[in-house]
Amino acid sequence: MNLWHRCMELWNRIPWLPRDLCATVVLLWTAYYTSGKLLVHTGVENNSALVFVLAVTIISVITTGYLFGVAASIIGGLCINYYFMYPYAAFDLSYAGYPVALLSMVTISIIVCALTSRVKLMALEAVKREQSTKALYEANQRLNEENAAIQLEAARETIRGNILRSVSHDLRTPLTAISGAASVLISSEEMQSEKTLSLLSDIKNDADSLITMVENLLSITRIQDSSVPLKKRDELLEEVAGDAVLAIRRRFPTTRIEMELSEDIMFVPMDPLLIKQVLVNLLENSIRHSGSSQPVLLRLYREEDQAVVEVRDHGCGLSPEVLELIQSGRQIPRDMPGDSSRGMGIGLSVCQSIIKAHDGQFAAQNSSEGGALFRFSLPLEE
């Protein structure tokens, strides 16, 4: 079986014209040789016409198109008249019935050749249709699997978002109470040791950090929930920035924040709570991660039809990994190595998502004078 397959592979590698010509010559010679042997044993009565029709049928099956089958039919008819009909070794149509026999044999051979070629073409078309159907079926299966995976992932995201919102809402109330209680104890007039005040201060700071993280998680789940549209309205950008600065100063009373306001009055279509969250995140990142005691600069200005906000510190700057992620426009991981405890990854991810939802641009770079510079822009008109 292996030898047969090897022979067929070698045979199919031959170009179709010499291959079909060789097959036609071999089969016609075989029909001639077989008819000659039959003539020796049967005398005048022989079956040469049937032998040649069989040869023509095989030639039609194994060759390409009609050419070789029709040519074999004509050659076979002439061979029968010349070699296997009386007078032998002479072409003669003078005997009664010879012309009809020759014409009938050639006609039958051509019809058989045409039918065989047609059946072969139909078989090839059936194979192509089967292959196309199989390809379509496999493509449909892949699409169904991808669709099922997408639906499963969407369902998981919905469940994850619902759980996250529920947990965040449940955490916000006790964390606010803890922060408020720590503030009351710190500001009370009762005599407290330095160690107690330090512990209370740590409790308040950690509670405030967790409150910020909870707010970030709530904001990002709200942005990712397409069923909840943004509540945009025209707001004065300076007022939103002022609210953010007040919130930061309450949490970091010793931190200095400088503001540079634009001479233009900029009303921006926005969700003020979300944009305030962006400003709070950027200011808090500058305070926590810069490692510098110099003032943080908050600058607001207009650039054509965009309102631009910049937050700059004088610290150690951003790592190359964070800069590459922001400059390429890719989403910043919420659990960046080394920053997950402080929530920097979550904060920057929230900023990216909120600005993108407002059709704005978010960018960051390291200033030539040192420190990190965050910039985002918002369209002044819808």
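Before reading on, note that the structure itself is shown above.
Let me sum up the structure you'll find in this document.

1. Some remarks on the overall build of the protein chain
Then, in step 1: Regarding its fold elements, the protein chain presents 10 helices and seven strands.
Then, in step 2: Taken across its 382 residues, the protein chain has 37% of its residues classed as buried.
Then, in step 3: Counting only contacts in the protein chain whose residues sit at least 6 apart along the sequence, the fraction spanning at least 24 positions is 71%.
Then, in step 4: Of the roughly 23,200 Å² of accessible surface on the protein chain, 60% is carried by carbon and sulfur atoms.

2. A word on the pattern of salt bridges
Then, in step 1: According to the stated counting rule, one finds five salt bridges in the structure shown.
Then, in step 2: Of the charged contacts in the structure, one is a salt bridge between E235 and R233, with a shortest N-O distance of 2.5 Å.
Then, in step 3: Taking relative accessible area as the criterion, R233 reaches 48% and is therefore assigned partly exposed.

3. Observations regarding a negative patch on the surface
Then, in step 1: Taken together, the side chains of E303, E304, D305 and E381 present a region of like negative charge at the surface.
Then, in step 2: Mapped onto the elements, E304 comes out in the loop between strand 4 (296–303) and strand 5 (306–312).

4. Overview of the packing of helix 3 (residues 48–62) against helix 4 (residues 67–83)
Then, in step 1: Taken N-terminus to C-terminus, the directions of helix 3 and helix 4 make an angle of 165 degrees; their axes are 9 Å apart at the nearest point. Classified by the angle their axes make, helix 3 and helix 4 are roughly antiparallel. The way helix 3 lies across helix 4 gives a crossing that is right-handed. Counting all contacts with helix 3, which are made through S48, A49, F52, V56, I59 and S60, the residues of helix 4 involved are F68, G69, A72, S73, G76, C79 and I80.

5. A closer look at the nonpolar core
Across soluble globular proteins, nonpolar side chains show a tendency to be buried alongside one another.
Then, in step 1: L237, L279, L282, L298, F362, F374 and F376 are the most contacted members of the largest nonpolar core, which totals 42 residues.
Then, in step 2: The element contributing the most residues to this core is helix 8 (residues 272–289), with eight residues.
Then, in step 3: Listed in part, the 18 residues of the second largest apolar core include L39, C79, F84 and M85.

Conventions we followed
Residues numbered from 1 in each chain as written. Predicted model: local features only at pLDDT ≥ 70, side-chain atom pairs only at ≥ 80, totals over all residues. Heavy atoms only, no water. Helix = DSSP H or I, 4+ residues; strand = E, 2+ residues; numbered from the N terminus. Buried < 20%, exposed > 50% of the residue type's maximum accessible area, 1.4 Å probe, protein only. Contact = heavy atoms within 4.5 Å. Areas by Shrake-Rupley, 256 points an atom, 1.4 Å probe, with all protein chains shown as cover. Salt bridge = Lys/Arg side-chain N within 4 Å of Asp/Glu carboxyl O. Patch = residues over 30% accessible without salt bridge, like charges linked within 9 Å, V, L, I, M, F, W, Y side chains within 5 Å. Lys, Arg positive; Asp, Glu negative; His and termini not counted. Charge placed at Lys NZ, Arg CZ, Asp CG, Glu CD. Axes fitted to C-alpha atoms, helices over the stretch in contact; angles between N-to-C directions. Parallel < 35°, antiparallel > 145°, perpendicular 65-115°, else oblique. Left-handed = near helix turned anticlockwise from the far one by under 90°. Core = buried A, V, L, I, M, F, W, Y, C linked by side-chain atoms within 4.5 Å.

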